[in-house]
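Examination of the molecular architecture
Below are the chains, spelled out letter by letter.
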Amino acid sequence: MSDVAIRVDGLVRRFGLKTAVDGITFDVPTGSICGLIGPNGAGKTTTIRILLDLLRADRGSVHVLGMDSTRDAFHIASRVGYVPERHHIFEWMSVRQVLDFASGVYPRWDWEECNHVGAILDLPSDRKVKDLSRGETAKLALLIALGHKPELLILDEPTSGLDPLVRRDFLAAIVGLLKDANRTVFFSTHILSDVERVADRVVVMDEGRVVANDSLDSLRRRFLKVSVLFRSPPAYDFEIIGARRVDKGVREWVAVFDEGGRHNLARLAADPAVADVSTQPMTLEDAFVELVRKERTEG
Amino acid sequence: MIYKTLIKKRLREFRAKKEAIGLSVLFAFSLLGLARFWSDEPWAILLGIVPLLPMGFYLAPACAIVTFRYDFAKGANRFWEYLPISRSAIWLVNYLSGLVVLCLSTIALFWLQVLLYRTGPGSELFRHELGPSAFEHLAPNRLSLTASLAGILFWLFSVGVFPVAYLDKQEQKPSGTPALAAVCCLLLSIVVCVTLNLCHVVPAGLSLAAVLIVSGILFSAGSYVLFALAPRHITPGKRALLGLGLFLAISGVLVGHLYLKHLEWRKLDPSEPALVERLYRLSRLPIKDNPDLVLANVRSYRSGMHSVLIDMKRGVHHDLGRWMTFVDVPNNHDGLLYFVKSSHPDDDRSRQSFFVLVGTDGTARHSFAIPHSSRSYANEVRYLPGKKLLAYKAVFPEDRLSRSYLCVANSNGTLLKRFEIGYGDCLVNEAGQALALAPAETANESDDDETESTKYKPYMLIDLDTGSVERFGLPGEALLFARDLRRVICSRQRIEDGRRYQSYVLVELPSLRERQILSETEFPPETITSQVWEMFYPSIATNNEESLKEFLCVDASFRKALYLKKRIDGDYFRFSIHLIDFETTERTTIVPEDALPQMAVVDTGRDADRSVAIRQFTADLAGFIYQIGPKAWLCDIESGESTIICDTSIMVQGVEESEGIGSAPGSVDYSPSGRRALRYDNAWERSTLDRDRPSRFKSAAVDVFVDGKPVRVYTGKRRPVGAEWLDEDRILIFEADKMCVLDAAGGEPRQVFPPATGATP
């Protein structure tokens, strides 16, 4: 088995004059849980659809599980579980019938796995799809995607619009996959807390480009978040040297430094106007915002 | 495995979508066909058939759309696209399941129609025809009906599948698909109908179905290409181009296929049921080389009228061509048959007629065209001795309604002479003279209401060689011209005090010398009513023998005539038959009043008045046939003795509830010599609702009269029968779709058309 579950190289896709994906390149290692994050219109869904050959790229190459996504789309589909953003499962079928249908479609369908995940998701098996709630439909889509023990699970905004409880179940099922080290999860979302909860890698996209492709920890370490407490309210034009961004309060300012800006902290602490300098934990959201801002500024 | 899953899913759909209920509805609807059991009225049959046809038409595309739509409706196509299922499998399962649903629906809807299907004269709708009915042509039996129905529905299904595959896209709007499918089906059905109409053929259902099945397979393949083989990611524009291109290409193939098949269908198929409409016996024409040759106009439901030369002896026939009018040319010595052919009698698009010469062996053919213009049309074309063409041509100028011209052209169609003539027919004699009504001199004259005019129409005699025209007026309404155009019988009308007096004169042409042959005293004056007025001033252009036949029978040479005199004697009509010599106008009594029955005036309606009638001269002019009620008598002119030749009052044995042929001349035929008679009779079962209406054919019989007694020579149980004399010893039997020759003395009939062996040269 290849070490890389997904390899995207120089992918370009245009819709008319708009470039949705602009020459992106990234890898997703096998066995990782990789989140694809980015603002709306960043090109996440387009990228995922190209991965599954639901959309054809204008340029570049995509390899999924070591196979070319355009040439081997059929084989990829049988080894990949996919949960789309919107679900179009046959509405007239019951949950049991859908699973029965899926078991015939996927050659490696595992009823044991299906029942196990189904127990976690707690789906009413006799109810018709058209009678399911949105969350239940999403769970069913996940169950179909997991039932054949896919080597790669691709999810496109899977928890979008779901309530926190369903999201929890959903993520629990995904985490359950981690038992098998060889499985890879690649999911796009803009709920960054979900990514933080389960992902170990993140690909950040903005305006069709990949801004970052790193592990979650590395991504967080790229920036330093510092709380600066002044003895008295400073002048508004007080400058914190080396800071990328400063959120100015009355006596407490929050500054963000690049990873290399740590050496400026000592000088800042020595300033007579500063009472205290303390580092704060960098969340993924903070890192994402900084990355996007940085990209847009430098871009 | 995947197919099993897909089929299992379809079976679940079948239940989920309540198609079974739909089938039950169709089944219940099909029971309307039982309507024919409780009533044999045509509307009851229509009630059973008419609603089924549009339902059947809708059924096929509906099945196509519905089956595919189950899989793609409400965005389900997005579900399919990431499942590991090949699109070929999706297409195949949907296509096959659609076909299965179509089959089940068809069976549910049409099973009773097929079971009850029957053709031929058993159907009341077509009982008036001796020939094959339209149904019999379109579907001669249940098997062909089923196969035709299946083929046509398959074609519609395939056409319906095509737009579904065409619109299979993520952006597909299922609501638009049925409309597009319906438009495609309708459009192509119109294309098929127009193509067949332009080719003037009506193929049998099975033949058409064979073409449609080929087209259906192509449409199915096209839908497969669009759905499964075409790249999934092509742009909508390219997809539209591909779909439209495929649709047009397959439609083109369909039209081309129909065109090629029409070349075959336009020929008369030996196995095809065809109705013999008219016979020309060459032994009675100037061509007398072979008395076994018969020229027939045969009507085929598939390709219309054909002129066929039938060799009775060899049992073969030559198809001379379609839509040809046979021209009997006097003194024809070149052994050719002459026809005028237009592309179709109802079709003036071709703007030309063709003059066709055909050898009696059916092979030697020459033809040349007679062009029409956009504002003129050759109504009729004839052939003149001396190889000239004569055309009656109507021109439609803008200022007047129409003008008619008599055009003389050479055999290349080049106009030699043109004469303006009045509206109507034209007579030509062997000397190259043509007689026609003279054209109206003023616009007012032509616009006169004929019923109000008492002026006799002017005629013109045209010498076609020299071009000289002689205009003349007749002393009465011309009723019958001699073949040589040298004599004419005119009726002369005179009105006095509201009563009409009439007399008949023989007029010599062109001298206009009159000889009175029947004076006013012969006919009791009648009070004029508007109806009578119209009847006695008809727009007769030339020969109108029928109006004379009631009382005057003129021999072909125009030298003598038989006159049936009717005289009122008290409360009775008295009849007598006289021979009038046209040369001397002498009248000789042949059958005196005593020998003929008298009839009470109060009992004599119009039909009874005709119950005494002169039928015809014998061929040798030595005798004649007259009829009194159901009995026909042969009278010898010299001796005045009469013997019964035919008695139709005797019920034909084995034929119950006869149509009543007593006074129906159509069921009696006299031999060429005029001395023998036969009759045919058909029996029908009575309608259960209306006893006056025959409903279903029962049996038929043909009798030849020997010494006035009928001798049965033919019995038909299958189809209605018609019969006429071929010559003195042989009889032609027409039994719906075949013609047989039978010896007048009896024996086995021999089928001559279509050939019993099915072989044509």
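A quick note: this is a predicted structure, and the numbers were derived from the prediction, not measured. (Residues numbered from 1 in each chain as written. Chains lettered and ligands numbered in written order. Predicted model: local features only at pLDDT ≥ 70, side-chain atom pairs only at ≥ 80, totals over all residues. Heavy atoms only, no water.)

So, on to the overall build of chain B. For chain B, the helix and strand inventory stands at 16 helices and 38 strands. In chain B, 53% of the contacts between residues at least 6 apart in sequence involve partners at least 24 apart. (Helix = DSSP H or I, 4+ residues; strand = E, 2+ residues; numbered from the N terminus. Contact = heavy atoms within 4.5 Å.)

The next subject is the pattern of salt bridges. A full pass over the atoms with the stated rule returns 39 salt bridges over all chains. Here Arg 183 of chain A and Glu 113 of chain A are joined by a salt bridge, their closest N and O atoms 3.4 Å apart. With Arg 183 of chain A in the loop between α6 (164-177) and β8 (184-189) and Glu 113 of chain A in helix α4 (residues 111-121), this residue pair connects regions lying 70 residues apart in the sequence. Between Arg 712 of chain B and Asp 703 of chain B there is a salt bridge, and its shortest N-O distance comes to 2.5 Å. One connected set of salt bridges, linked through shared partners, spans Arg 244, Arg 245, Asp 247, Asp 258 and Glu 290 of chain A. (Salt bridge = Lys/Arg side-chain N within 4 Å of Asp/Glu carboxyl O.)

Every α-helix winds through 3.6 residues per turn, so residues three or four apart in the chain are directed the same way. For helix α10 (residues 284-298) of chain A, spanning 15 residues, the distance from its first C-alpha to its last is 20 Å, which sits close to the expected 21 Å at 1.5 Å a residue. Turning to α10 of chain A, its buried residues are Leu 284, Asp 286, Ala 287, Phe 288, Glu 290, Leu 291 and Val 292 of chain A. (Expected span 1.5 Å × (residues − 1). Buried < 20%, exposed > 50% of the residue type's maximum accessible area, 1.4 Å probe, protein only.)

This paragraph deals with the nonpolar core. Membership of the largest hydrophobic core comes to 144 residues, with the highest contact counts inside it found for Phe 101, Leu 140 and Phe 186 of chain A. By residue number, the principal contributor to this core is helix α7 (residues 87-115) of chain B, which donates 11 residues. If you count residues domain by domain, this core takes at least three from each of domain 1 (4-219) and domain 2 (223-298) of chain A. If you look at the next biggest cluster of nonpolar residues, it comprises 19 residues, including Leu 562, Phe 575, Phe 624 and Ile 637 of chain B. (Core = buried A, V, L, I, M, F, W, Y, C linked by side-chain atoms within 4.5 Å. Domains from an automatic or database assignment.)

Before going further, it helps to spend a moment on the sheet that holds strand β14 (residues 274-280) of chain A. Residue and element names in this part refer to chain A. The four strands lie next to each other as β12-β13-β11-β14, forming an open sheet whose pairing is antiparallel. The open sheet has two edge strands, β12 (243-247) and β14, and neither has a second partner. Adjacent strand axes in the sheet meet at a mean angle of 25° when their direction is disregarded. Of the pairings in the sheet, the one linking β12 to strand β13 (residues 252-258) comprises four bridges and is antiparallel in character. From the neighbouring strand, Ala 243 faces β13, where its bridge partner is Phe 257. (Pairing = 2+ DSSP bridges. Axes fitted to C-alpha atoms, helices over the stretch in contact; angles between N-to-C directions.)

Between chain A and chain B, the residue contacts involve 25 residues of the former and 26 residues of the latter. Taking both sides of the interface into account, the surface hidden between chain A and chain B amounts to around 2,400 Å²; carbon and sulfur atoms contribute 67%. Along the contact surface separating chain A from chain B lie two salt bridges. Here Asp 100 of chain A makes a salt bridge to Lys 8 of chain B, at a shortest N to O gap of 3.0 Å. Taken together, the links from chain A to chain B amount to three residue pairs in polar contact (both at pLDDT 80 or more). Within the residue set of the side of chain A that touches chain B, elements represented by two or more residues are α2 (73-79) and α3 (95-105) of chain A. Considering every element that reaches the side of chain A that touches chain B, the biggest residue donor is α3 of chain A, with six residues. Across the side of chain A that touches chain B, the residue classes tally to 14 nonpolar, five polar and six charged. (Buried area = accessible area lost by both parts, 1.4 Å probe. Polar contact = N/O pair within 3.5 Å; in protein donor to acceptor, adjacent residues only side chain to side chain. Nonpolar A, V, L, I, M, F, W, Y, C, P; charged D, E, K, R; others polar.)

As a further point, take unusual backbone geometry. All names here are of chain B. Positive phi, close to 65°, is recorded for Leu 512, a residue that is not glycine. A positive phi angle, near 65°, is found at Phe 558, a position not held by glycine. Relative to the helices and strands, Phe 558 is located in the loop between β22 (552-554) and β23 (560-569). The class of Phe 558 is buried, set by a relative accessible area of 3%.

Here the focus is empty space enclosed by the protein. Going through the model one piece at a time under the given rule, you end up with two cavities of 30 Å³ or more. Approximately 30 Å³ is the volume attributed to the second largest cavity. The wall of the second largest cavity is formed by Tyr 82, Ile 89, Ala 141 and Ile 144 of chain A together with Phe 79 and Tyr 82 of chain B. (1 Å grid on protein atoms, 1.4 Å probe; cavity = no way out; pocket = protein on both sides within 12 Å on 5 of 7 lines; lining within 4 Å. Points joined across faces, edges and corners; volume = space filled by probe spheres on them.)

The next point concerns the environment of Tyr 714 of chain B. All names here are of chain B. If you trace the backbone, Tyr 714 turns up in strand β34 (residues 709-716). For Tyr 714 and Leu 415, which are 299 residues apart along the polypeptide, the C-alpha to C-alpha distance reads 53 Å. Not counting chain neighbours up to four residues away, the residues in contact with Tyr 714 comprise Ala 700, Ala 701, Val 702, Val 721, Ile 733, Glu 735, Leu 742 and Pro 749. A distance of 2.5 Å separates the side chain of Tyr 714 from the side chain of Glu 735, its partner in a polar contact.

Right, let's get into the environment of Ala 139 of chain B. Along the chain, Ala 139 of chain B falls in the loop between α8 (134-138) and α9 (142-166). C-alpha separation for the pair Ala 139 of chain B and Leu 149 of chain B, spaced 10 residues apart in sequence, amounts to 9.5 Å.

So, on to a nonpolar patch on the surface. Taken together, the side chains of Tyr 3, Ile 7, Leu 11, Leu 92 and Leu 96 of chain B make up a nonpolar region of the molecular surface, amounting to roughly 460 Å² of accessible area. Tracing the sequence through the fold places Leu 11 of chain B in helix α1 (residues 2-16). (Patch = residues over 30% accessible without salt bridge, like charges linked within 9 Å, V, L, I, M, F, W, Y side chains within 5 Å. Areas by Shrake-Rupley, 256 points an atom, 1.4 Å probe, with all protein chains shown as cover.)

In this section: the side chain of Asp 156 of chain A. Residue and element names in this part refer to chain A. Mapped onto the elements of the fold, Asp 156 is located in strand β7 (residues 152-156). In this structure, Asp 156 is buried with no salt-bridge partner, the nearest side chain bearing the opposite charge being Arg 49 at 6.4 Å. Side chain to side chain, Asp 156 and Ser 188 meet in a polar contact 2.8 Å long. Among all residues touching Asp 156, those that are not within four sequence positions of it are Thr 45, Ile 48, Tyr 82, Val 83, Pro 84, Glu 85 and Ser 188. (Lys, Arg positive; Asp, Glu negative; His and termini not counted.)

Residue and element names in this part refer to chain A. The domain architecture assigned to chain A consists of domain 1 (4-219) and domain 2 (223-298). Look at where the C-alpha atoms of domain 1 and domain 2 centre, and you get two points 37 Å apart. The interface of domain 1 with domain 2 comprises 15 residues on the first partner and 10 residues on the second. Between domain 1 and domain 2, roughly 1,100 Å² of surface is buried when both sides are summed, and carbon and sulfur atoms account for 73% of that area. Linking domain 1 with domain 2 are zero salt bridges. For the pair domain 1 and domain 2, the interface holds one residue pair in polar contact (both at pLDDT 80 or more). At the level of elements, α7 (192-198), β9 (201-206), β10 (209-215) and α8 (216-221) are the ones that each hand at least two residues to the side of domain 1 that touches domain 2. A per-class count over the side of domain 1 that touches domain 2 returns 10 nonpolar, one polar and four charged.

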